[in-house]
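# Report on the structure
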Number of protein chains: 2
Amino acid sequence: MSQPFSSALLENAVNEFAKLPGIGRKTALRLVLHLLRQEEESVETFGNTIIQLRKEIKYCQICHNISDSDICALCNDATRDDSTICVVENIKEVMVVENTRQFRGRYHVLGGVISPMDGVGPSDLEIDSLVTRVAAGGIKEVILALSATMEGDTTNFYIFRKLAPYDIKISIIARGVSVGDELEYTDEVTLGRSIVNRLPFNETFKS
Amino acid sequence: MSQPFSSALLENAVNEFAKLPGIGRKTALRLVLHLLRQEEESVETFGNTIIQLRKEIKYCQICHNISDSDICALCNDATRDDSTICVVENIKEVMVVENTRQFRGRYHVLGGVISPMDGVGPSDLEIDSLVTRVAAGGIKEVILALSATMEGDTTNFYIFRKLAPYDIKISIIARGVSVGDELEYTDEVTLGRSIVNRLPFNETFKS
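Note that the coordinates shown come from a computational prediction; the quantities given were computed from them, not determined experimentally.

Criteria and thresholds
Residues numbered from 1 in each chain as written. Chains lettered and ligands numbered in written order. Predicted model: local features only at pLDDT ≥ 70, side-chain atom pairs only at ≥ 80, totals over all residues. Heavy atoms only, no water. Core = buried A, V, L, I, M, F, W, Y, C linked by side-chain atoms within 4.5 Å. Buried < 20%, exposed > 50% of the residue type's maximum accessible area, 1.4 Å probe, protein only. Contact = heavy atoms within 4.5 Å. Salt bridge = Lys/Arg side-chain N within 4 Å of Asp/Glu carboxyl O. Helix = DSSP H or I, 4+ residues; strand = E, 2+ residues; numbered from the N terminus. UniProt positions renumbered as here; feature names shortened; annotations may be inferred. Least-squares fit on C-alpha atoms with pLDDT ≥ 70 in both. Buried area = accessible area lost by both parts, 1.4 Å probe. Polar contact = N/O pair within 3.5 Å; in protein donor to acceptor, adjacent residues only side chain to side chain. Nonpolar A, V, L, I, M, F, W, Y, C, P; charged D, E, K, R; others polar. Phe/Tyr/Trp six-rings, centres within 6.5 Å; stacked < 30°, edge-to-face > 60°.

## Some points on the nonpolar core
- By size, the foremost hydrophobic cluster in this structure holds 74 residues, and its most contacted members are Leu10(A), Phe17(A), Phe46(A), Leu10(B), Phe17(B) and Phe46(B).
- If near-sequence neighbours (up to four positions away) are discounted, Phe46(A) is found in contact with Phe17(A), Leu35(A), Glu16(B), Phe17(B), Leu20(B), Phe46(B) and Ile50(B).

Below you can see the structure in the form of structure tokens.
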């Protein structure tokens, strides 16, 4: 629907919100009208928080995760295992892996995956810096935790080749049926991988 | 899901977005990560537009519609009919009625409807100022375009009583089956109103 605005201020604000992904003009208008009903200070806080984020955000010099300082909280945490690096695509995946509480090592954020279709090559990603970290020594294992897509696999192979000269273990997260899945509805490729990568029963309950 | 943030800036921004209606924490994170990928200037524009809106917005002194100046664009428009006032609940309904392109008069925004459950009484709404407008003369018709709810009807009756002393036409928008509705699935109350308020066939195609 076209919206006949009686206010340019209102129209500008709606236009700004409508630029966000997944926010249409109707939703944008609803959000703006909500903000209009809030206290002036809280709207100011809203706007300034976002401006400040974009201005002051840093990326960790070690793992390239998002950070408030030069070295991120995860790289600074002395209780974490220095000898294992989990390689992920983006900062969002750092959060996803952290939420599993199954990993206590360090991270390395690539900033994407190799995707010729989108014009993303190895040099656009933080792959060289990963090799540098491994070359510096002290690393025993690199865990590849990229998406199970063609692009993810391409990137996995590329990194695997780059790290081959070093005496470390390179592992990849398991692919198989999701917890809670009914086999009847599982796709054949995934189920196939699950069968090929079957585990001794007594290992299944390790945590 | 709980999100282990490595950045307080990021966490603050996500918290601010998650305060908006209909935006959960996952969506908030997605929006914030999107903004992080944008140019610094465009994020600054985004934040400042919203702050400016809340700070500088005015409400039209005549119709109480949202406005950039003391008198809104619709009240200032000399081509519109001064003798008809359409009474609506909120600024959003002004847009909705404008979108129909069936009304060329003036508006009056009440700021809500009478709702004892929500603690909204007649004195919380712009009803007195509507009476003042009518009392000032020059108005031939007031069209009540409120929601077809109990609260809307209560407000309709209240306004009707308040305006009864004045020699004007007071009308209410028609209720009936929606355009495109199949009768089989129409609720009885609406269909009943449709039958009671039936129109001569040749009037149906007036626009």
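## Side note on the pattern of salt bridges
- In total, this model carries 14 salt bridges over all chains according to the counting rule given.
- Lys55(A) serves as the salt-bridge partner of Glu44(B), at 3.8 Å between the closest nitrogen and oxygen. With Glu44(B) in helix 3 (residues 40-56) and Lys55(A) in helix 3 (residues 40-56), this pair bridges two chains.
- Of the residues examined, Glu44(B) reaches a relative accessible area of 28% and is grouped as partly exposed.

## As for the UniProt feature "zinc finger region: C4-type" (unreviewed entry) in chain A
- When the UniProt feature table is mapped to this numbering, "zinc finger region: C4-type" (unreviewed entry) covers residues 60-75 of chain A.
- Taken end to end, residues 60-75 of chain A has its terminal C-alpha atoms 8 Å apart, with 19% of it in helix and 12% in strand.

## Quick look at the relation of the copies chain A and chain B
- Mapping chain A onto chain B calls for a screw motion: a turn of 180 degrees about the axis and a shift of 0.0 Å along it, with 0.1 Å RMSD after fitting. Considering both components of the superposition, the chain copies are consistent with a two-fold axis. Rotation axis and chain A: the residue whose C-alpha lies nearest the axis is Gly47(A), separated from it by 2.0 Å.

## Overview of the interface of chain A and chain B
- If you look at the interface, chain A gives 56 residues, while chain B gives 56 residues.
- In total, about 5300 Å² of surface goes out of reach between chain A and chain B, with carbon and sulfur atoms giving 72% of it.
- For the pair chain A and chain B, the interface holds two salt bridges.
- Seen at the junction of chain A and chain B, the total is nine residue pairs in polar contact (both at pLDDT 80 or more).
- Elements with a minimum of two residues in the side of chain A that touches chain B: helix 1 (8-18), helix 2 (25-36), helix 3, strand 2 (66-67) and helix 5 (91-100) of chain A.
- Looking at side-chain class alone, the side of chain A that touches chain B contains 28 nonpolar, 16 polar and 12 charged residues.

## Quick look at the packing of aromatic side chains
- This model, assessed by the stated rule, comprises six aromatic pairs over all chains.
- Taken together, a centroid distance of 5.2 Å and an interplanar angle of 70 degrees make the contact between Phe17(A) and Phe46(B) edge-to-face. Note that Phe17(A) is positioned in helix 1 and Phe46(B) in helix 3, a pairing that runs across two chains. The pair formed by Phe17(A) and Phe46(B) is uniform in burial state, with each residue classed as buried.
- With centroids separated by 6.3 Å and ring planes inclined at 25 degrees, the aromatic side chains of Phe17(B) and Phe46(B) adopt a geometry described as stacked. Residue Phe17(B) is found in helix 1 (residues 8-18), and its partner Phe46(B) is found in helix 3; the two are separated by 29 residues along the sequence.
- Taken together, the ring pairs in this structure connect Phe17(A), Phe46(A), Phe17(B) and Phe46(B) into an aromatic cluster.

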